Amino acid sequence: MIKLSIVTPIYNEVENLPGLFREIKSSLSALGWDYEIIAVNDGSVDGSLNVLKELAAVDSHIKIISFSRNFGQTAALSAGFTHATGEVIIPLDADLQNDPRDIPLLLSKLAEGYDIVSGWRKNRHDKLISRKIPSRLANSLIGKITGVKLHDYGCTMKAYRKESLDSVRLYGEMHRFIPALAAWHGAKITEVVTNHRPRQFGQTKYGIRRTFKVVLDLLTVKFLTNYSTRPMHFFGKAGLYALSAAVISGLLALYLRLFHHVSLIITPLPLLTVFLMLVGLQFILMGLIAEMLTRVYYETQNKPTYFIKEKINF
Ligand code: UDP
Ligand code: MG
């Protein structure tokens, strides 16, 4: 029998927990799969852990991981993924905003041959100005830059084949970028519209500030997915551009001096030349250092720089 792992990150959601587990179980009982529910308590201070323990005492499907303090939603999800034993993993928010009744929908889409099915909160019930509009902009930006176009990167509820998560390591607040990172490893991704409900109990842990962090994270993801095995192409290109600009500006300064008798000290060109030369050399040296780091990174861990899907007759 195929096994499903539900992973739910919990930070101060005490009023939501009984309903959450009731809804998950009723959705799963109709399915007939073997399953586990991994509840990751991310340092809650409202008694969530006690409620979890009571629920787990009478139900061995419920497993608890409890952090020593609040490490953030990404860390909670990451811990859940590492401990999951199912072939399919579905994370969902513990605040009942995601609807466990969508689980069969995600699974049936996954069965069509995808590695990741992303939930899309098309009718999202959050604040318009501080959450929905920034999120729309962020999603289109992420889509453009990573080339993996999804309407709702931020939706926690997604279905993953276990293998598609194996190679993805999560740092900082990167959980929203899993589809982009997994796509780089060759995962096939699609999305389905899922239900979204207003939060009834407790409060959201995020505001508009998160959007700015997303833009910075996007830069990291873009660099990692495009250049992590060839950083010199990134830094070296910038360096060569700067050096070329230095040559142009230097020649221009000389030309003005020799043919128009413009003194070298009355235009900013000589200064610009020196500045661009330094910048260009710095970029190239940075590229060399990054190339060495890349080798250290891959070789110390015996990490291949490619991903094999299958091998035949070995
Ligand atoms: N969460 C967490 N650790 C945190 C912040 C949030 O585990 O530091 C959990 C939270 O309990 C919820 C989910 O992540 O289950 C999503 O959080 P929230 O509902 O605040 O986000 P929103 O729906 O407003 O984006
Ligand atoms: Mg929420």
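Below you will find a few notes about this structure. (Residues numbered from 1 in each chain as written. Chains lettered and ligands numbered in written order. Predicted model: local features only at pLDDT ≥ 70, side-chain atom pairs only at ≥ 80, totals over all residues. Heavy atoms only, no water.)

A few words on the coordination of the magnesium ion (ligand 2). For the magnesium ion (ligand 2), every protein donor is listed as Asp95 (OD) and Gln97 (OE1), and the spread of their distances is 1.9 to 2.0 Å. Comparing Asp95 with Gln97 shows no difference in burial state: the two are buried. (Donors = N, O, S within 2.8 Å, 3.2 Å for Na, K, Ca; no water. Buried < 20%, exposed > 50% of the residue type's maximum accessible area, 1.4 Å probe, protein only.)

In terms of residue burial, strand 1 (residues 3–10) counts as a mostly covered element, since eight of its eight residues are buried. Of the two faces of strand 1, the one holding Lys3, Ser5, Val7 and Pro9 and the one holding Leu4, Ile6, Thr8 and Ile10 are both buried throughout. Relative to strand 2 (residues 34–41), strand 1 runs parallel, the two sharing eight bridges. Residue pairing in the sheet places Val7 in a bridge with Ile38 of strand 2. (Helix = DSSP H or I, 4+ residues; strand = E, 2+ residues; numbered from the N terminus. Pairing = 2+ DSSP bridges.)

What follows covers the side chain of Thr273. Positionally, Thr273 belongs in helix 10 (residues 269–300). Side-chain polar atoms of Thr273 contact the backbone oxygen of Leu269, separated by 2.7 Å. Excluding residues within four positions of it along the chain, Thr273 makes contact with Ala246, Ser249 and Gly250. (Polar contact = N/O pair within 3.5 Å; in protein donor to acceptor, adjacent residues only side chain to side chain. Contact = heavy atoms within 4.5 Å.)

Next up on the list: the site of ligand 1. Among the 18 residues in the neighbourhood of ligand 1, the closest are listed as Glu13, Asp42, Asp95, Thr204 and Lys205. In the model, an oxygen atom of ligand 1 is placed 2.9 Å from a nitrogen or oxygen of the Tyr11 main chain. Interatomic distance of 2.8 Å between a side-chain N/O atom of Arg131 and an oxygen atom of ligand 1. Looking at the shell around ligand 1, its residues break down into five nonpolar, five polar and eight charged. (Near = heavy atom within 4 Å. Nonpolar A, V, L, I, M, F, W, Y, C, P; charged D, E, K, R; others polar.)

Turning to the pairing of strand 2, a few remarks are in order. Among the eight residues that make up strand 2, seven are buried, leaving the element largely enclosed by the rest of the structure. Since strand 1 and strand 2 lie parallel, the crossover through helix 1 (residues 17–29) that links them has a hand, and here it is right-handed. Taking the sense of rotation as the criterion, the β-α-β connection linking strand 2, helix 2 (residues 48–57) and strand 3 (residues 62–66) turns out right-handed. (Right-handed = clockwise from strand over helix to strand, strands pointing away.)

Looking at where Val214 falls in the secondary structure, it is placed in helix 8 (residues 209–227). A relative accessible area of 5% means that Val214 is categorised as buried. Taking the C-alpha atoms as reference points, Val214 and Gly47, 167 residues apart in sequence, are found 31 Å from one another. Residues contacting Val214, with those up to four places away along its chain left out, are Ala138, Ile142, Arg176 and Phe177.

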